[in-house]
Amino acid sequence: MFTAIASLLTLSLYLLSVNAHGYVQDVQIGSTHYTGYLPYQDPYMNPQPQRIIRKIPGNGPITDVKSIDMQCNGNTAGGSPGTSPAPLVAKVAAGSDVKLTWTTWPESHKGPALTYMARAPSDITKWNPGTSAVWFKVAEAGKTSAGWAATDVLYANNHVYTFKIPPKLKPGQYIIRHELIALHESFGYPGSQFYPSCIQVEVTGSGTALPTSGLVSFPGAYTQSSPGIVYNIYTNTSAYPIPGPAVWKGGN
Ligand SMILES: *[C@@H]1O[C@H](CO)[C@@H](O)[C@H](O)[C@H]1NC(C)=O
């Protein structure tokens, strides 16, 4: 009897861990912390907390590379929350580190970590990029001698992912689109799991750099035949090709 209950408990904990994926729950800039959009808490609070991260429906993945949900997360069937701007904007000096803390992230979800930015042409709290090509990549990490960015490297850093705002980036409002891709089912398409998160910032400084070419759209940046979208992590010992454009170096 006890054994049966214990194994039932083990089984349900296992199922729970399989279902629990993740999202960014904290953004740290300097010594300031901004709580992320908390999908299992924020919608039920009155008044609803104001965040710098655009709404997400939960901790689950996007798997359709053609979906608008690829941009900032969402749930197209129920209206895409990720396309709604957030009310707040965090100030960040060009050249500073931004630290993003992920919730529980399963060991099975090996994959790369990627970060893009897009400059808002007008008030970011009202701006929706739609399918315009406005995004440039500022950081990427895949499979290295330290392991996979989304698991080994994230765990080694207590679930904190760090990237740098390009030091010479022109001041203004930007959406940071940070994403982990989980490759545990990427033997075919669909299979890869995308976990994007959109953070609203105002970059300060005296830089003048801005990429003028090579901008991509979301959806659009990835197709089912882009390198790194279909990749067998269990059998493929070749280098992992990180999807999307090259990292923009013009702001360094
Ligand atoms: C391994 O991955 C590389 C890069 O995506 C690809 O070019 C190659 O065909 C893959 N090899 C196998 C055996 O799947």
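Residues numbered from 1 in each chain as written. Predicted model: local features only at pLDDT ≥ 70, side-chain atom pairs only at ≥ 80, totals over all residues. Heavy atoms only, no water.

An unreviewed UniProt entry lists the chain under the name lytic cellulose monooxygenase (C4-dehydrogenating), from Meripilus lineatus. According to its UniProt record, the chain has this under Catalytic activity (unreviewed entry): "[(1->4)-beta-D-glucosyl]n+m + reduced acceptor + O2 = 4-dehydro-beta-D-glucosyl-[(1->4)-beta-D-glucosyl]n-1 + [(1->4)-beta-D-glucosyl]m + acceptor + H2O." (UniProt positions renumbered as here; feature names shortened; annotations may be inferred.)

(A) Highlighting the overall build of the chain. In terms of helices and strands, the chain carries three helices and eleven strands. N-terminal to C-terminal, the α/β element order of the chain is α-β-β-α-β-β-β-β-β-β-α-β-β-β. In summary, the chain has a C-alpha radius of gyration of 18 Å against a globular reference of 18 Å for 252 residues, a match within 12%. Each principal axis of the C-alpha distribution contributes one length, and for the chain these read about 70 × 50 × 35 Å. Looking at the chain as a whole, 47% of its 252 residues qualify as buried. Here the analysis covers contacts within the chain between residues at least 6 apart in sequence; of these, 75% occur between residues at least 24 apart. (Helix = DSSP H or I, 4+ residues; strand = E, 2+ residues; numbered from the N terminus. Rg over C-alpha atoms; globule rule 2.2 N^0.38 Å. Buried < 20%, exposed > 50% of the residue type's maximum accessible area, 1.4 Å probe, protein only. Contact = heavy atoms within 4.5 Å.)

(B) Structural view of the pattern of salt bridges. Across all of its chains, the model carries six salt bridges by this definition. We note a salt bridge from Lys-164 to Asp-97, for which the minimum N-O separation is 3.3 Å. One end of the pair, Lys-164, is in strand β9 (residues 160-164); the other, Asp-97, is in strand β4 (residues 97-102), and 67 residues separate them in sequence. Between Glu-179 and Arg-177 there is a salt bridge whose closest N-O contact spans 2.8 Å. For Glu-179, a relative accessible area of 0% corresponds to the buried category. On the basis of relative accessible area, Arg-177 is assigned to the buried category, the value being 0%. (Salt bridge = Lys/Arg side-chain N within 4 Å of Asp/Glu carboxyl O.)

(C) Fine view of the sheet that holds β9. The four strands lie next to each other as β2-β1-β4-β9, forming an open sheet whose pairing is antiparallel. With one partner strand each, in any of the chains shown, β2 (32-35) and β9 form the two edges of the open sheet. For this sheet the average axis-to-axis angle between neighbouring strands, irrespective of direction, equals 20°. Bridge analysis of strand β1 (residues 24-29) against β4 gives five bridges, and the strand direction is antiparallel. Counterpart to Val-24 in the pairing with β4 is Trp-102. (Pairing = 2+ DSSP bridges. Axes fitted to C-alpha atoms, helices over the stretch in contact; angles between N-to-C directions.)

(D) Local environment of unusual backbone geometry. The omega torsion across Asn-46 and Pro-47 is 0°, close enough to zero to call that bond cis. Between Tyr-189 and Pro-190 the backbone carries a cis peptide bond, its omega angle lying at -5°. Position of Pro-190 relative to the elements: it lies in the loop between β10 (172-182) and β11 (193-204). Located in the positive-phi region is Asn-158, a residue other than glycine, with phi close to 55°. As for its position among the elements, Asn-158 is in the loop between α3 (149-156) and β9.

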